[in-house]
Amino acid sequence: MRQQLPAELIKAHAEIRELARNYGLETFDLIFELVDYNEINEIAALGGFPTRYPHWRFGMEFDYLNKGYAWGLQKIYELVINNDPCYAYLQTGNMIVDQKLVMAHVYGHCDFFKNNMWFSKTNRKMLDEMANHATRIREYQDRLGVDRVENFIDACLSIDNLIDFYSPFVQKSDKRPMVGYQEEERDEASPHRFEAKGYMDKYVNPPSFMEAQRRKIASDAEKNRKFPAQPERDIMKFLLEFAPLEQWQREILSIVREEAYYFAPQAQTKIMNEGWASYWHSTMMTQHVLKDSEVIDYADHHSGTLGSRPGQINPYKLGIELYRDIEERWNKGKFGKEYDECDDQDEKRRWDKKLGQGRAKIFEVRKLHNDVTFIDSFLNEEFAEQQKLFTYGFNRRTGMYEIADRDWRKVKEQLLFSLTNFGQPIILVEDGNFENRGELLLRHQHEGTDLEYDKGIETLKNIHALWTRPVSLLTKYNTQLKLISFDGKEIKERDA
Amino acid sequence: MITGIKRDHLRFKQIVKGKIKQNLKRFISQGEMIGRRGKDFVSIPIPHIDLPHFRFGKRQTGGVGQGEGAPGTPIGQGEAEEGQAGNSEGEHQIEVDVSLKELAEMLGQELELPRIQPKGSGTINSSKYRYSGINNVGPDSLRHVKRTYKEALKRQLMEATYNPEDPVIIPYKKDFRYRVWKNVTKPENNAVIIYMMDVSGSMGDEQKEIVRTESFWIDTWLRSQYNDIQIRYIIHDAAAREVDQHTFYHTRESGGTLISSAYRLCNEIIDKNYPASEWNIYAMHFSDGDNWSGEDTKFCVDILRNDLLPKTNQFCYGQVESRYGSGQFIKDLLENFKEEERLVTSKIENKEAIYRSLKEFLGKGR
């Protein structure tokens with residue numbers, strides 16, 4: 001199926017590999033494979049991997065990609081897997097200049113995978129791991145039936161965004177239980193004893209009653225103890241540990257969760273990663289690789305990649321521009337107290353201390369940041385103005401999205417909001433024993449934007465399928481706090 | 001064994017088909033897919049299949065963009081306004097192409113229709129062109145690029161002019177290869193459907209919509225049963241004439257109703273073009289049942305008994321209810337042809353009745 005690279009591409013690869021090394025990019029071994037459009041759509045539909053567990057959603061994605069290609073709406077240029085060795089795919093029939101561009105771009109990605117700290121906890125043998133997952137789920141399907149397993153996977157996938165993106169970096173010492181000042185309360189928790197003379201005691205405080213009281217107090221204390229002790233962000237983990245699942249269900253949930261964590265950093269660093277790769281393809285292509293005859297085609301495709309439509313941020317564009325801005329600022333010394341406190345705009349513009357630290361700085365940035373901290377640390381007024389960034393909002397009166405503001409602080413705030421938690425709502429497990437009936441209470445940490453109602457209900461139903469007891473969600477609609485519950489039969493909603 | 005994406009794709013299509021089947025009853029009576037009909041397929045809108053997630057409602061979020069424009073400049077159309085957060089308007093739909101053959105199959109399963117036993121088997125030959133081979137002469141429009149390339153490659157390898165480092169292939173005239181076709185003839189059962197419709201003043205748009213929907217499904221089913229099918233259209237009020245499909249559905253006359261005129265014309269068409277021994281003939285008549293006179297009804301019964309019923313596989317009469325109520329004609333037919341299997345009558349009061357009426361028309365397997 002996969003074809004060997006033709007001689008000219010092998011030559012191009014060697015050239016780009018050498019260039020990347022000289023520029024200081026540090027990558028896993030990169031293996032390029034040549035595939036036709038059908039195969040590239042196939043691999044893309046499977047999230048970049050040649051083998052995934054069986055699921056209809058991959059088929060849907062494939063259908064969509066194939067139609068998109070057939071109608072000329074879209075085309076996949078590059079596809080690269082975070083794995084050691086790193087696999088990347090080239091499409092047959094692309095012009096040689098495109099193939100070179102893709103190779104250079106992929107070297108950027110691969111360097112990013114290897115060095116960015118948010119990727120440091122990802123499994124670098126994911127290619128094998130995905131194949132293992134596939135085998136296990138296929139076995140379950142053979143044993144338990146396709147529908148049953150697939151329905152369960154559907155439920156798991158429905159909550160695959162409800163994980164804690166920072167948890168891979170938190171070292172939890174689960175072994176040491178949290179013991180606090182509850183010990184003293186314990187003493188008071190024995191039943192009240194009336195004063196009585198010794199021989200009257202068993203009549204005033206009958207032992208059977210005392211025993212019953214002791215048990216009641218103990219069970220009350222049990223009820224009052226919070227579970228989970230802290231609200232839990234990783235709802236998948238919580239369900240994995242506490243939902244009454246069968247072994248195969250536990251296994252599948254854990255597979256879906258593992259894959260969600262594997263893909264999380266890619267969503268967390270979309271702007272940085274694409275920006276970094278674009279920075280490098282542009283640098284390598286324009287400084288070394290391009291032949292005169294290829295310049296026009298290169299420029300055409302490069303601008304196609306970086307073009308942005310109004311109302312949309314192109315991560316490639318925003319990323320590359322911000323890296324370039326950082327590079328320039330650190331080359332010229334446009335940072336630090338002295339620069340920030342300078343009031344003379346003209347002087348600021350001409351500022352150049354000839355530090356030449358730009359390259360080193362962006363290498364450092366690509367190591368330490370994710371999109372949120374990247375934007376937070378480096379997007380400043382000059383940049384927002386120069387890039388013509390704006391915020392937009394929906395105008396109910398005209399029914400249109402309209403430009404709202406060009407104030408850079410608002411732009412930054414909005415951008416950060418859309419990137420925090422990948423622009424996903426934050427949902428926590430508040431109580432695993434809600435109403436003292438083993439029900440599950442989830443809380444939406446409302447930050448000004450309501451949840452989409454219908455999808456929310458469907459998701460709640462899916463969580464119910466896992467938890468099996470009634471599930472409730474605390475959220476706000478139109479600033480009114482609401483409790484939405486699903487008990488397996490109907491949705492109930494009340495103000496809370 | 002099918003593996004990888006093909007299996008997933010198949011599974012996806014299965015799920016989609018499942019959705020269509022679930023909703024087929026609704027599709028049948030609403031006829032919303034008829035406007036989306038291509039040559040061999042219809043595109044059916046079904047609700048987007050999705051894995052639900054907790055996510056933000058679109059409206060309130062807004063975002064960040066890049067480009068020119070002062071505050072207030074519109075940058076894109078929002079979706080239709082909704083009253084209250086919570087009800088989701090504008091749910092995205094996907095359109096799925098389903099071939100008419102598959103659709104007929106689903107219809108057959110849904111209505112439990114028996115397959116039709118055609119009569120007069122194999123008396124008509126049909127011919128088709130098939131590509132059957134490769135030749136080294138032919139018109140440019142039939143040039144086989146891949147074979148040509150291979151020939152050129154072979155030649156260049158032999159001539160040692162092929163350089164793997166610079167794999168450029170230039171075909172000469174003698175490398176060119178062309179497709180050759182053959183004429184294949186095959187005996188087939190042929191069928192014709194003759195639709196007749198009352199277009200007198202009492203038949204309104206709603207009634208015509210019912211006829212249109214009903215005939216779409218009849219077409220779809222019969223097409224799946226025969227290789228080739230011809231369709232003729234007759235409209236009538238006090239007089240009948242043959243028309244094309246568009247006219248059939250869009251004509252409105254104001255005159256009275258003489259049903260026999262249509263039956264007579266139908267009989268003429270059959271006699272002229274479709275000898276009953278060789279053709280499977282289906283006649284479908286839709287009316288609101290208000291024939292002008294009892295005498296004309298008598299004519300109709302005569303034509304049916306002596307001509308149409310012996311010649312056709314089945315004669316269907318569908319009576320739609322107009323705003324003036326339902327007429328007498330269906331009763332007259334039933335009285336006169338109690339024992340006649342080839343005559344099928346059906347009352348179609350409203351759109352919901354289409355489902356049942358299709359079953360009555362097609363359930364005989366004739």
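Here the residue index of a chain counts from 1 through its sequence in written order. Ligands are numbered from 1 and chains lettered from A, in the order in which they are written. Totals for whole chains, interfaces and linings use every residue, but because this is a predicted model, local features are given only for residues with pLDDT of at least 70 and side-chain atom pairs only at 80 or more, for both listing and counting. Computation of side-chain values: all heavy atoms of the structure, hydrogens and water removed.

1. Some remarks on the side chain of Arg257(A)
Residue and element names in this part refer to chain A.
No. 1: Starting at the N terminus, helices and strands are each numbered in turn, a helix being any DSSP run of H or I of at least four residues and a strand any DSSP run of E of at least two. Mapped onto the fold, Arg257 is located in helix H11 (residues 247–268).
No. 2: In protein, a polar contact means a hydrogen-donor-capable atom and an acceptor-capable atom, both N or O and within 3.5 Å, with residues adjacent in sequence counting only if both atoms are side-chain atoms; elsewhere, any N or O pair within 3.5 Å suffices. Looking at Arg257, its side chain comes within polar contact range of the side chain of Asp234, at 2.8 Å.
No. 3: Residues count as neighbours in contact if any of their non-hydrogen atoms are within 4.5 Å of one another. Those residues in contact with Arg257 that sit more than four places away from it in its chain are Asp234, Met236, Lys237 and Leu240.

2. Thoughts on the pattern of salt bridges
No. 1: Within this document, salt bridges are pairs made up of a side-chain nitrogen of Lys or Arg and a carboxyl oxygen of Asp or Glu, the two lying within 4 Å of each other. Taken as a whole and judged by the stated rule, the model has 48 salt bridges over all chains.
No. 2: Of the charged contacts, one joins Lys100(A) and Glu294(A) as a salt bridge, the two residues approaching to 3.3 Å between their closest N and O atoms. Placement of Lys100(A) in helix H4 (residues 96–115) and of Glu294(A) in the loop between helix H12 (270–289) and helix H13 (295–306) is noted, with a sequence separation of 194 residues between them. Here the two residues Lys100(A) and Glu294(A) agree in accessibility, since each one is buried.
No. 3: Glu150(A) is the salt-bridge partner of Arg11(B), the closest N and O atoms lying 2.8 Å from each other. Taken as a pair, Arg11(B) in helix H1 (residues 4–22) and Glu150(A) in helix H6 (residues 146–157) lie in two separate chains rather than in one.
No. 4: Only protein chains enter the accessibility calculation, which uses a 1.4 Å probe. A residue is then buried if its area is under 20% of the maximum for its type, exposed if over 50%, and partly exposed in between. The exposure class of Arg11(B) is buried, given its relative accessible area of 18%.
No. 5: According to the relative accessible area criterion, Glu150(A) is buried, its value standing at 4%.

3. Brief notes about the domain arrangement of chain B
No. 1: Taken domain by domain, chain B consists of domain 1 (1–49 + 92–112), domain 2 (125–185) and domain 3 (189–362).
No. 2: Residue ranges labeled as domains rest on an automatic or database domain assignment. Each of domain 2 of chain B and domain 3 of chain B was reduced to a C-alpha centroid, and the two centroids are 53 Å apart.

4. Things to note about the state of the cysteines
No. 1: Note on disulfides: each one is a pair of cysteine sulfur atoms within 2.5 Å. The tally for this structure, following the rule as stated, stands at zero disulfides over all chains.
No. 2: Cys86(A) supplies the cysteine sulfur nearest to Cys110(A), a cysteine that is in no disulfide, at a spacing of 3.3 Å.
No. 3: No disulfide involves Cys300(B); its nearest neighbouring cysteine sulfur is the one of Cys266(B), lying 12 Å away.
No. 4: What makes Cys300(B) buried here is its relative accessible area of 0%.

5. Overview of the nonpolar core
Residues and elements named next belong to chain A.
No. 1: Each nonpolar core is a collection of buried residues, namely Ala, Val, Leu, Ile, Met, Phe, Trp, Tyr and Cys, held together in the definition by side-chain atoms within 4.5 Å. Judged by nonpolar contacts, the single largest core of 122 residues is most densely connected at Leu239, Ile252 and Leu442.
No. 2: Looking at which element gives the most residues to this core, the answer is H11, with nine residues.
No. 3: Discounting residues that sit within four places of it in the chain, Ile252 has contacts with Ile137, Tyr140, Val149, Phe152, Ile153 and Cys156.
No. 4: Core analysis: the next-biggest nonpolar cluster, separate from the first, contains 60 residues, Trp280, Ile326, Val411 and Leu415 among them.

6. Here we look at the domain arrangement of chain A
All names here are of chain A.
No. 1: Per the domain assignment, the segments making up chain A are domain 1 (7–116 + 269–300), domain 2 (127–162 + 234–267), domain 3 (201–233 + 425–496) and domain 4 (315–420).
No. 2: The gap between the C-alpha centroids of domain 2 and domain 3 is 25 Å.
No. 3: Listed per partner, the contact involves 16 residues of domain 2 and 16 residues of domain 3.
No. 4: Around 1400 Å² of area is buried between domain 2 and domain 3 when both sides are counted, 76% of it from carbon and sulfur atoms.
No. 5: Once two parts are put together, the accessible area they lose, assessed with a 1.4 Å probe and summed over both, is termed the buried area. Of all residues in domain 2, the largest losses of buried area upon contact with domain 3 belong to Asp234, Ile235 and Phe238, amounting jointly to 37% of the total for that side.
No. 6: Remark: the boundary between domain 2 and domain 3 carries three residue pairs in polar contact (both at pLDDT 80 or more).
No. 7: The set of elements that each furnish at least two residues to the side of domain 2 that touches domain 3 consists of H6 and helix H10 (235–242).
No. 8: Considering every element that reaches the side of domain 2 that touches domain 3, the biggest residue donor is H10, with five residues.
No. 9: For the side of domain 2 that touches domain 3, the class distribution of residues is twelve nonpolar, one polar and three charged. Only Asp, Glu, Lys and Arg are considered charged, only Ala, Val, Leu, Ile, Met, Phe, Trp, Tyr, Cys and Pro nonpolar, and every remaining residue, Gly among them, polar.

7. A few points about unusual backbone geometry
All names here are of chain A.
No. 1: Cis geometry is adopted by the peptide bond preceding Pro85, which originates at Asp84 and carries an omega value of 0°.
No. 2: One can find Pro85 in the loop between strand S2 (79–80) and strand S3 (86–91).
No. 3: The phi torsion at Thr468 lies on the positive side, around 70°, for a residue other than glycine.
No. 4: Within the fold, Thr468 resides in the loop between helix H21 (453–467) and strand S8 (471–477).

8. As for the sheet that holds strand S12 (residues 343–348) of chain B
Residues and elements named next belong to chain B.
No. 1: Spatially, the six strands line up as an open sheet ordered S9-S8-S7-S10-S11-S12, and their pairing is mixed. Looking along the sheet, the strands with just one partner apiece sit at the ends: strand S9 (240–243) and S12. Adjacent strand axes in the sheet meet at a mean angle of 20° when their direction is disregarded.
No. 2: Strands were regarded as paired on the criterion that DSSP finds at least two bridges between them. With six bridges joining them, strand S11 (residues 314–320) and S12 adopt parallel strand pairing. Note that in S12 the partner of Tyr317 across the bridge is Thr345.
No. 3: Helix axes use the C-alpha atoms of the stretch in contact, all axes being lines fitted to C-alpha atoms, and the angles between their N-to-C directions lie in the range 0 to 180 degrees. Packed on one face of the sheet, helix H9 (residues 294–311) meets strand S10 (279–287), S11 and S12 and runs near 110° to S11.

9. A word on the packing of helix H18 (residues 371–378) of chain A against helix H20 (residues 408–419) of chain A
Residues and elements named next belong to chain A.
No. 1: Where H18 contacts H20, the axes come no closer than 9 Å and their chain directions differ by 170°. Classified by the angle between their axes, H18 and H20 sit roughly antiparallel to one another. Within the contact between the two elements, H18 uses Asp371, Val372, Ile375 and Asp376 and H20 uses Lys412, Leu415, Leu416 and Leu419.
No. 2: Considered class by class, the residues forming the contact of H18 with H20 number five nonpolar, no polar and three charged. Geometric relationships in this document are graded by angle, where less than 35 degrees denotes roughly parallel, more than 145 denotes roughly antiparallel, 65 to 115 denotes roughly perpendicular, and other angles denote oblique.

10. Here we look at the environment of Glu402(A)
No. 1: Relative to the helices and strands, Glu402(A) resides in strand S5 (residues 400–405).
No. 2: Taking the C-alpha atoms as reference points, Glu402(A) and Ile16(A), 386 residues apart in sequence, are found 44 Å from one another.

11. Details of the interface of chain B and chain A
No. 1: Counting residues at the interface gives 50 residues for chain B, matched by 77 residues for chain A.
No. 2: Between chain B and chain A lies a buried interface of about 5700 Å² when both sides are counted; carbon and sulfur atoms form 58% of it.
No. 3: Taken together, the links from chain B to chain A amount to four salt bridges.
No. 4: If you look at where chain B meets chain A, you find 18 residue pairs in polar contact (both at pLDDT 80 or more).
No. 5: At the level of secondary structure, the elements contributing two or more residues to the side of chain B that touches chain A comprise H1, helix H3 (58–61), strand S2 (63–66) and strand S3 (74–77) of chain B.
No. 6: In terms of residues, the side of chain B that touches chain A owes the most to one element, H1(B), which gives seven residues.
No. 7: Along the lines of polarity and charge, the residues of the side of chain B that touches chain A split into 16 nonpolar, 20 polar and 14 charged.

12. Details of the sheet that holds S3(A)
Residue and element names in this part refer to chain A.
No. 1: Spatially, S1-S3-S2 is the arrangement adopted by the three strands of the open sheet, whose pairing is mixed. Each edge of the open sheet is held by one strand with a lone partner, namely strand S1 (30–35) and S2.
No. 2: Where S2 and S3 come together, two bridges link them in antiparallel fashion. Across the sheet, the residue bridging to Leu79 is Tyr89, located in S3.

13. Some remarks on the packing of aromatic side chains
Residues and elements named next belong to chain A.
No. 1: Aromatic rings from Phe, Tyr and Trp, taking only the six-membered ring of Trp, are treated as a pair when their centres fall within 6.5 Å; an angle between ring planes under 30 degrees marks them as stacked, one over 60 as edge-to-face, and anything in between as tilted. Using the criterion set out here, one finds 42 aromatic pairs over all chains in the structure.
No. 2: Measuring from ring centre to ring centre gives 5.8 Å for Trp118 and Tyr166, while their planes differ by 75°; the resulting arrangement is edge-to-face. Here Tyr166 lies in the loop between H6 and helix H7 (182–188) and Trp118 lies in the loop between H4 and helix H5 (126–144), a separation of 48 residues in the sequence.
No. 3: On the accessibility criterion, Trp118 (11% relative accessible area) is buried.
No. 4: With relative accessibility at 39%, the residue Tyr166 sits in the partly exposed group.

14. Regarding the pairing of strand S9 (residues 480–486) of chain A
All names here are of chain A.
No. 1: Among the seven residues in S9, five count as buried, and that is most of the element.
No. 2: Across seven bridges, the pairing between S8 and S9 is antiparallel. The residue of S9 that forms the bridge with Thr475 is Lys482.
No. 3: Between S8 and S9, which follow one another and run antiparallel, lie two residues, and Asn478 among them has a positive phi close to 50°.
No. 4: When S9 meets strand S10 (residues 491–495), the two strands line up antiparallel, connected through five bridges. Bridged to Lys482 within S10 is Asp495.
No. 5: Hairpin connection from S9 to S10: four residues lie between these consecutive antiparallel strands, with Gly488 at a positive phi of about 100°.

15. Looking at helix H4 (residues 100–111) of chain B
Think of an α-helix as 3.6 residues a turn; residues three or four steps apart then line up on the same face.
Residue and element names in this part refer to chain B.
No. 1: The length a helix should cover is 1.5 Å for every residue beyond the first. With twelve residues, H4 extends 16 Å between its outermost C-alpha atoms, agreeing within 8% with the 16 Å of an ideal straight helix rising 1.5 Å per residue.
No. 2: What H4 keeps buried is the set Leu100, Leu103, Ala104, Met106, Leu107, Gly108 and Leu111.
No. 3: At the exit of H4 stands Glu112, carrying a positive phi of roughly 55°.

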